[in-house]
Amino acid sequence: MEKFLLKNIENPNSADIAEYIKTGGYKALSKALELKPSDIIDEVKRSGLRGRGGAGFPTGMKWAFAAADSKKPKFILCNADEGEPGTFKDRPILEKNPHLLIEGMIISGYALQAEYGYIYLRGEYPEAKDILEDAIKQAHDKGYLGDDVLGKGIRFYLHVHQGAGAYICGEETALIESLEGRRGQPRIKPPFPVNEGFLSKPTVVNNVETLANIPYIMEIGAEAYSKLGSPDCPGPKLYSVSGHVKMPGVYELPMGTTLREIIYTHCGGIRDGKKLKAVIPGGISTPILPPEKIDCPMDFVSMPKHGSMLGSGAVIVFDETVDLVKVCLRAMKFFEHESCGKCTPCREGVGWLRAIIERIYNGSGTEKDIDLLLEVSKNITGKTFCPLGDGAAGVVQGFIKDFRHEFEQHISKQVKAAA
Amino acid sequence: MLNERVVIEINRIKSKYHDAQSSLLPALYVVQREYGWLSPDAVAAVGDVLNVPRTTVKGVATFYSMFRHKPMGRHLIQLCTNVACMIMGAERLVDILKTRYGLEPNSTTDDGRFSLVVMECIGACATAPAMLVDTDFYDNLTEERIADILENYK
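Because the structure is a prediction, the values reported are computed rather than measured. (Residues numbered from 1 in each chain as written. Chains lettered and ligands numbered in written order. Predicted model: local features only at pLDDT ≥ 70, side-chain atom pairs only at ≥ 80, totals over all residues. Heavy atoms only, no water.)

A few words now on the interface of chain A and chain B. Taken together, the contact between chain A and chain B spans 58 residues of the former and 37 residues of the latter. Interface area, chain A with chain B, both sides summed: about 3,700 Å², of which 60% is carbon and sulfur. Considering only the side of chain A, the residues that lose the most area to chain B are A164, R183 and R330 of chain A, jointly responsible for 18% of the buried surface there. Taken together, chain A and chain B are joined by 2 salt bridges. Across the pair E120 of chain B and R330 of chain A runs a salt bridge whose closest N-O atoms are separated by 2.9 Å. (Contact = heavy atoms within 4.5 Å. Buried area = accessible area lost by both parts, 1.4 Å probe. Salt bridge = Lys/Arg side-chain N within 4 Å of Asp/Glu carboxyl O.)

And the structure:
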């Protein structure tokens with residue numbers, strides 16, 4: 001498949017505006033500015049684009065909700081707080097193809113009649129901050145941003161806002177809290193950000209990859225775009241693959257490519273002649289899958305039918321040497337550290353999950369502990385403001401569902417801690 | 001408490017936002033870059049510059065893991081140990097920093113050269129294990145490579 005999101009990134013100067021324009025960049029913006037804002041929203045709706053941050057919500061519908069709200073001003077926020085462990089798909093866009101994101105944001109700003117956009121960038125990407133700020137300045141100098149975008153009398157300003165190391169700020173309402181200079185704790189919904197978001201104004205929060213798809217939709221049209229990838233989830237998808245494959249990296253493939261194809265065709269299979277033991281398909285908060293389930297298409301609709309989720313499309317591959325109880329323990333330490341502390345079931349429950357897994361890992365667990373893990377996880381699910389607690393609970397349930405024997409082995413002390 | 005240059009920079013940032021409190025995170029970054037950490041006095045002073053209650057600023061500053069609340073060494077090592085880095089040997093690197101430099105997580109070497117913070121995912125999973133030294137990024141780390149890299153930070 002022809003690359004769009006990662007087009008030209010092998011060019012060492014790909015982040016420069018001249019190179020971007022040379023390969024057709026900012027043409028989609030010119031095209032979009034000839035349309036009425038509502039026509040752009042209809043086009044994005046017809047394209048079938050779903051948000052690439054993890055939830056898969058239809059982007060056009062989100063835009064339409066915000067556009068329909070009469071409050072002003074409106075805001076467009078780019079979620080570049082790529083913190084889901086295993087995920088590094090937005091990074092090449094931010095660092096190598098920043099103008100694609102900027103172009104997508106200007107188009108979305110025009111469609112929503114928003115004059116201000118913010119890119120909420122995770123603090124762990126300091127290089128991306130400099131690159132994005134340079135790119136924004138270039139776009140400003142060329143007249144794509146500022147008081148009079150392309151001489152059309154439209155105003156659009158873009159700023160980079162740096163996060164400071166909080167996973168929870170990838171959740172859209174926590175991101176908004178953080179952008180408002182507060183602790184990044186999620187808000188209860190409704191009201192949704194499209195009605196009461198940043199500074200209580202209608203706000204669209206879209207992931208980097210989502211916004212980077214907008215110029216493509218403008219370029220080839222909704223009809224052609226909707227025929228790419230899976231029928232229910234069209235378009236290209238970035239998969240970040242790590243762990244024990246021969247060629248880890250970010251791959252731009254049609255949405256719905258199977259895990260098997262990703263691992264064996266594109267990433268060269270398992271390294272060092274080892275066997276596949278398990279795969280986390282969509283970042284650490286998606287349930288782990290055994291090798292029997294890797295024929296599932298990686299899209300928002302198919303993955304839940306196979307017991308997991310597409311999440312951010314972050315595939316972590318484990319070979320036969322990995323101790324999965326240790327992986328589960330590390331994942332739970334992460335969730336415990338990142339729980340914002342607002343909802344008791346998450347704040348307390350995730351700590352208990354970690355403590356129980358830790359004693360199983362250390363060889364002092366009992367058979368009852370496995371059932372206790374399931375019971376605690378059930379008491380977290382659905383009882384929190386945001387999906388962090390649900391994610392942690394689902395992860396534990398996923399490990400136990402398909403790899404209960406590994407926990408039992410630790411309990412019977414037949415396996416010495418090793419990985 | 002804050003020097004004039006820092007106050008000017010915070011006020012410049014404030015003008016980019018629709019409300020003063022939105023500039024709080026960038027303002028705290030400015031202070032941390034200048035002084036290396038956020039002292040209680042500095043945190044209070046940021047509140048005064050932005051006209052945000054001091055307790056609010058303290059609550060925000062302590063929420064985010066990248067803000068430092070004690071003085072750091074000259075160079076800050078931020079080493080990822082999350083799952084993708086863990087299965088590629090990040091724990092071994094933590095051990096090496098301990099044996100070679102006497103550097104434990106969340107501590108500083110006696111000579112004040114390095115501080116170590118163990119990180120959650122830093123988005124370099126394909127080339128794990130990875131770390132940041134100050135704002136410089138390094139990946140594909142091995143025992144030898146991490147030693148060579150750190151030699152460049154005195």
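Read on, since the account is not over.
With that out of the way, let us pick up the domain arrangement of chain A. Residue and element names in this part refer to chain A. Each domain of chain A was delimited in the assignment, giving domain 1 (17-226), domain 2 (236-319) and domain 3 (324-418). Counting from both sides, the interface comprises 11 residues of domain 1 and, opposite them, 10 residues of domain 3. Carbon and sulfur atoms supply 73% of the area buried between domain 1 and domain 3, which totals about 870 Å² over both sides. Summed over the shared surface of domain 1 and domain 3, the number is 0 salt bridges. For the interface between domain 1 and domain 3, the tally reads 3 residue pairs in polar contact (both at pLDDT 80 or more). (Domains from an automatic or database assignment. Polar contact = N/O pair within 3.5 Å; in protein donor to acceptor, adjacent residues only side chain to side chain.)

Right, let's get into a negative patch on the surface. Among the surface-exposed residues, E127, D130 and D134 of chain A together with D136 of chain B lie close enough to one another that they form a single negatively charged patch. Mapping D136 of chain B onto the fold places it in strand β5 (residues 136-138). (Patch = residues over 30% accessible without salt bridge, like charges linked within 9 Å, V, L, I, M, F, W, Y side chains within 5 Å. Areas by Shrake-Rupley, 256 points an atom, 1.4 Å probe, with all protein chains shown as cover. Lys, Arg positive; Asp, Glu negative; His and termini not counted. Charge placed at Lys NZ, Arg CZ, Asp CG, Glu CD. Helix = DSSP H or I, 4+ residues; strand = E, 2+ residues; numbered from the N terminus.)

Residues and elements named next belong to chain A. With respect to the helices and strands, the residue E82 is situated in the loop between β1 (75-80) and α5 (90-96). A distance of 2.6 Å separates a polar side-chain atom of E82 from the backbone nitrogen of D90. Aside from chain neighbours lying at most four places away, what touches E82 is T87, F88, K89, D90, R91, R122 and Y125.

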